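Structure assessment
Here's the letter readout for the chains.
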Amino acid sequence: YVALSGAWSLPAAEDQKEAAKGQKDAEQVKSGGAAAALARIPFSGDPPVADDGWVRRYRCDMADTVDLFDMLANERVVLAWQSVRRTEGLRAILYRECLLRAADGREDYFAPARLVPSLERLGLVRALDRYVLGRVLDELEASPVVSLGVNISAHSAVLDGWWVEIVKRLRRRPDVASRLVLEITETAKIPFIAEAASFAARMRSFGCRIALDDFGS
């Protein structure tokens, strides 16, 4: 067995009280810098459990995660567009959903049922969401007439330090924000309903649209 240790920066009591009210804007946490803002975010993954089943799952999750982030760092991923259409009439295209795909052609590598739960258990899914959303904003800026959607975990539906740079880009380019659809996935429960509602309202104030991924399917 390999022994691992880790440390998380937990929010102070005063910070927890503020978080319960929901942060009104990512600029509120920007004042201390992005690193300081991120340090205030509670760990969202599963707590460790001392049993063989947890250890095996943790090792599998970590192996998948290391492979994934190596692919991201070396740009061995691409974005595939999938049309989202109306259900009635001529089934006009509402927007195109951006899905992460392995550049080497492994079609099932990024299947949500496989990777996303692993990242959510490790508390790392928000890093993936931030990476993909950044790529989608790049494509929106390069394609001025297309509307694109991107999946984000329910763990990401909270306005805090992870969103500082994204918020800056959305504010700077309202023409881009108005063509972005944020699809909240069903792979995890929304941790804090009030914060998720505040997040959705703030994103909509920038012009973004909010959707529930696979709703009704």
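In case you missed it, the structure is sitting above this.
This structure is a prediction, so every number in the text was calculated from the model and none was measured.

Criteria and thresholds
- Residues numbered from 1 in each chain as written.
- Predicted model: local features only at pLDDT ≥ 70, side-chain atom pairs only at ≥ 80, totals over all residues.
- Heavy atoms only, no water.
- Helix = DSSP H or I, 4+ residues; strand = E, 2+ residues; numbered from the N terminus.
- Buried < 20%, exposed > 50% of the residue type's maximum accessible area, 1.4 Å probe, protein only.
- Contact = heavy atoms within 4.5 Å.
- Axes fitted to C-alpha atoms, helices over the stretch in contact; angles between N-to-C directions.
- Parallel < 35°, antiparallel > 145°, perpendicular 65-115°, else oblique.
- Left-handed = near helix turned anticlockwise from the far one by under 90°.
- Nonpolar A, V, L, I, M, F, W, Y, C, P; charged D, E, K, R; others polar.
- Pairing = 2+ DSSP bridges.
- Salt bridge = Lys/Arg side-chain N within 4 Å of Asp/Glu carboxyl O.
- Phe/Tyr/Trp six-rings, centres within 6.5 Å; stacked < 30°, edge-to-face > 60°.

**What about the environment of Gln82?**
- Mapped onto the secondary structure, Gln82 falls in strand E1 (residues 77–85).
- Overall, Gln82 belongs to the partly exposed group, its relative accessible area being 42%.
- Remark: the alpha-carbon pair of Gln82 and Glu97, spanning 15 residues in sequence, is separated by 5.0 Å.
- Gln82 has contacts with Tyr95, Arg96, Glu97 and Leu99, leaving out every residue within four places of it along the chain.

**Structural notes on the packing of helix H6 (residues 125–142) against helix H7 (residues 164–172)**
- In the contact formed by H6 and H7, the axes pass within 11 Å of each other and the chain directions differ by 15 degrees. Classified by the angle between their axes, H6 and H7 sit roughly parallel to one another. Like other packed secondary-structure pairs, H6 and H7 cross with a definite hand, here left-handed. Contacts from Arg130, Leu133, Gly134, Leu137, Asp138 and Glu141 in H6 reach Glu165, Ile166, Arg169 and Leu170 in H7.
- The residue inventory of the contact of H6 with H7, partitioned by class, reads 4 nonpolar, 1 polar and 5 charged.

**Quick look at the sheet that holds strand E3 (residues 148–152)**
- Strand order across the open sheet formed by 5 strands is E1-E2-E3-E4-E5, with mixed pairing between neighbours. Each end of this open sheet is capped by a strand with a single partner; those strands are E1 and strand E5 (209–212). Neighbour-to-neighbour, the strand axes of the sheet open up by a mean angle of 35 degrees, direction not taken into account.
- Here E3 runs beside strand E4 (residues 180–184); their pairing, made up of 5 bridges, is parallel.

**Focus on the pattern of salt bridges**
- Counted under the stated rule, the structure contains 7 salt bridges.
- One salt bridge in this structure joins Asp70 and Arg76, with 2.4 Å as the shortest N-O distance.
- Overall, the relative accessible area of 32% leaves Arg76 in the partly exposed class.
- Salt-bridge contacts for Glu141 lead to Arg169; the nearest nitrogen and oxygen are separated by 3.2 Å. Of this pair, Glu141 sits in helix H6 while Arg169 sits in helix H7, placing them 28 residues apart in sequence.
- Each of Asp138, Glu141 and Arg169 takes part in one network of salt bridges that share partners.

**Observations concerning the pairing of E3**
- Taken across its 5 residues, E3 has 5 buried, putting it largely inside the fold.
- The alternating pattern of E3 places Leu148, Val150 and Ile152 on one face and Gly149 and Asn151 on the opposite face, and all of these are buried.
- In terms of strand pairing, strand E2 (residues 93–102) meets E3 through 3 bridges, oriented parallel. Looking at E3, one finds that Arg96 is bridged to Leu148.

**Re the packing of aromatic side chains**
- In total, this model carries 2 aromatic pairs according to the counting rule given.
- Centroid distance Trp54 to Tyr58: 5.0 Å. Interplanar angle 15 degrees. Geometry classified as stacked. Taken together, the positions of Trp54 and Tyr58, both in helix H4 (residues 52–73) and 4 residues apart, correspond to about one turn of that helix.
- A ring pair is formed by Trp163 and Phe199, whose centres lie 4.9 Å apart and whose planes are at 55 degrees; its orientation type is tilted. Of this pair, Trp163 sits in the loop between E3 and H7 while Phe199 sits in helix H9 (residues 193–205), and the two are 36 residues apart along the sequence.
- Overall, Phe199 belongs to the buried group, its relative accessible area being 0%.

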